[in-house]
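Structural features, examined
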Amino acid sequence: GIGGFGGLDIFKVKIQDNGKLGLPVNIGEPFNTSKDDMGFVASADGKSAFFIRNLDIYYADISQLEEAIKPTIQPGIDDVPKPVKKENISAQPPKDRVKDVIIYFEFDKSLLTQESISIINQVKSEYKTSIEVNGYCDSDGSINYNFDLASRRCDAVIDQLVKQGIPLTMIKKNIFGESKPAADNSTDKGKALNRRVLIRLN
C-alpha cells in the first residue's frame, strides 16, 4: 500500500524507544527493481548483505551505503545486553506473526498439493480476526476464464481453511484473475509466480 518500484520491494523500519514502529523507508535502487526483491539480511557489522530477487540469492557489499538504510546495530556497543525489569523478562521471545501466506498452483489447475495443504493447515494458529483469500492467474487464456480459474483456486483454499475449523464468516474472498501480476508474464518463471492465492491474515 506504500508503493515502490514494482513487484515486491525491500523497506526498512526503525523500532523507536517506546516500542512503536517508525515510518517505512524504501531502501531504493539497486536493491529494489521492477522484479520481486525481498529477504534482505544484513551482517551485524553493516558491511555486507544478502537478498532475494525473483527467487535468486544475491550478495552485496553495503559498507559504503548511507546511514538511512544501513543496519543500526554497532557491534560491541548496541549488542551489549541492557538491564531490564524482571517483569519484562520472558522465557520465550515473542514470535513474529505471519501476515501473508502464498499458495502456488500448477498451470490451469485449482487442486491443492499436499505441500500446499500443509502450509494452509498452519494458518489457524496465525490469524487473529479475519482472513482475506486473494486469487490470481497468469495471463494465458481469456480474461473471463482466468477470473473463473482464480475463483476456483480461492474456493480450494477456503475449503481447506474451513476444514481447519476457521468460520466461513471470518474469510473474505477477492478475485483478481490475471490483473495485478506479481511477476512478468512473458517468462515461464514469471507465470509460475502469478499462479497463486495470497492468504492475508488480519
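Residues numbered from 1 in each chain as written. Predicted model: local features only at pLDDT ≥ 70, side-chain atom pairs only at ≥ 80, totals over all residues. Heavy atoms only, no water.

1. Details of the sheet that holds strand S9 (residues 196-201)
Going by this rule: Between any two strands, at least two bridges found by DSSP are needed for them to pair. Helix numbers and strand numbers start at the N terminus; a helix is a DSSP run of H or I with at least 4 residues, a strand a run of E with at least 2. Angular values range over 0 to 180 degrees, each being the angle between N-to-C directions of two axes fitted as lines to C-alpha atoms, with helices fitted over their stretch in contact. It only takes one pair of heavy atoms within 4.5 Å for two residues to be counted as in contact.
Read across the sheet, 4 strands follow the order S6-S9-S7-S8 without closing on themselves; strand pairing throughout is mixed. Two strands lie at the open edges of the sheet, namely strand S6 (100-104) and strand S8 (171-177), each paired on one side alone. Sheet twist, expressed as the mean angle between neighbouring strand axes with direction ignored, is 15°. Judged from the 6 bridges that link them, strand S7 (residues 131-136) and S8 form a sheet pairing that is parallel. Along S8, the bridge assignment pairs Val-133 with Lys-173. Those strands touched by helix H2 (residues 143-163) are S7, S8 and S9, and its axis lies near 155° from that of S8.

2. A look at the packing of aromatic side chains
Going by this rule: Only Phe, Tyr and Trp rings take part, Trp by its six-membered ring, and two of them pair if their centres are within 6.5 Å. Stacked means planes under 30 degrees apart, edge-to-face means over 60, and tilted covers everything else. In this analysis the charged atom, NZ for Lys or CZ for Arg, is taken to sit over a ring once it is within 6 Å of the ring centre and within 35 degrees of the ring normal.
All told, the structure shown has 5 aromatic pairs when counted by the stated rule. With a centroid separation of 5.0 Å and 10° between ring planes, the pair formed by Tyr-136 and Phe-176 is classed as stacked. Here the residue Tyr-136 occupies a position in strand S7, and Phe-176 occupies one in strand S8, the gap between them amounting to 40 residues. What links up through ring pairs into an aromatic cluster is the set Phe-31, Phe-40, Phe-51 and Tyr-58. Just above the ring of Tyr-58 sits the side chain of Arg-53; from NZ or CZ to the centre is 5.4 Å. The ring of Tyr-136 has Arg-196 sitting right over it, with the charged end atom 3.7 Å from the ring centre.

3. Thoughts on the pairing of strand S3 (residues 37-42)
Of the pairings in the sheet, the one linking S3 to strand S4 (residues 48-53) comprises 4 bridges and is antiparallel in character. Bridge pairing links Val-41 to Phe-50 in S4. Taking the residues between adjacent antiparallel strands as the criterion, S3 and S4 are bridged by 5 residues, where Gly-46 takes a positive phi near 75°.

4. Things to note about the nonpolar core
Stated precisely, the cut-off is as follows: In plain words, nonpolar cores are sets of buried Ala, Val, Leu, Ile, Met, Phe, Trp, Tyr and Cys residues tied together by side-chain atoms within 4.5 Å. Accessibility here uses a 1.4 Å probe with only protein chains present; expressed as a share of the type maximum, an area under 20% marks a residue as buried, one over 50% as exposed, and anything in between as partly exposed.
Ranked by size, the top nonpolar core spans 17 residues in total, and within it Val-123, Ile-131, Val-133, Val-157, Leu-161 and Ile-199 carry the most contacts. Mapped by element, the contributors of at least two residues to this core are S6, S7, H2 and S9. Tallying contributions element by element places H2 first for this core, with 4 residues. Among all residues touching Val-157, those that are not within four sequence positions of it are Phe-105, Leu-112, Ile-120, Val-133, Val-197 and Ile-199. Ile-10, Ile-27, Phe-31 and Ala-60 belong to the second largest nonpolar core, which has 7 residues in total.

5. Details of the pattern of salt bridges
Rules: The salt bridge criterion pairs a side-chain nitrogen of Lys or Arg with a carboxyl oxygen of Asp or Glu, the two atoms within 4 Å.
Under the defined criterion, the tally for this structure stands at 7 salt bridges. The partner of Asp-37 in a salt bridge is Arg-53, with the nearest N and O atoms 2.5 Å apart. Separated by 16 residues along the polypeptide, Asp-37 in strand S3 and Arg-53 in strand S4 bring together distant segments of the chain. With a closest N to O distance of 3.0 Å, Arg-152 and Asp-148 form a salt bridge. Taken as a pair, Arg-152 and Asp-148 lie in helix H2 at a separation of 4 residues, close to a single helical turn. The exposure class of Arg-152 is partly exposed, given its relative accessible area of 31%.

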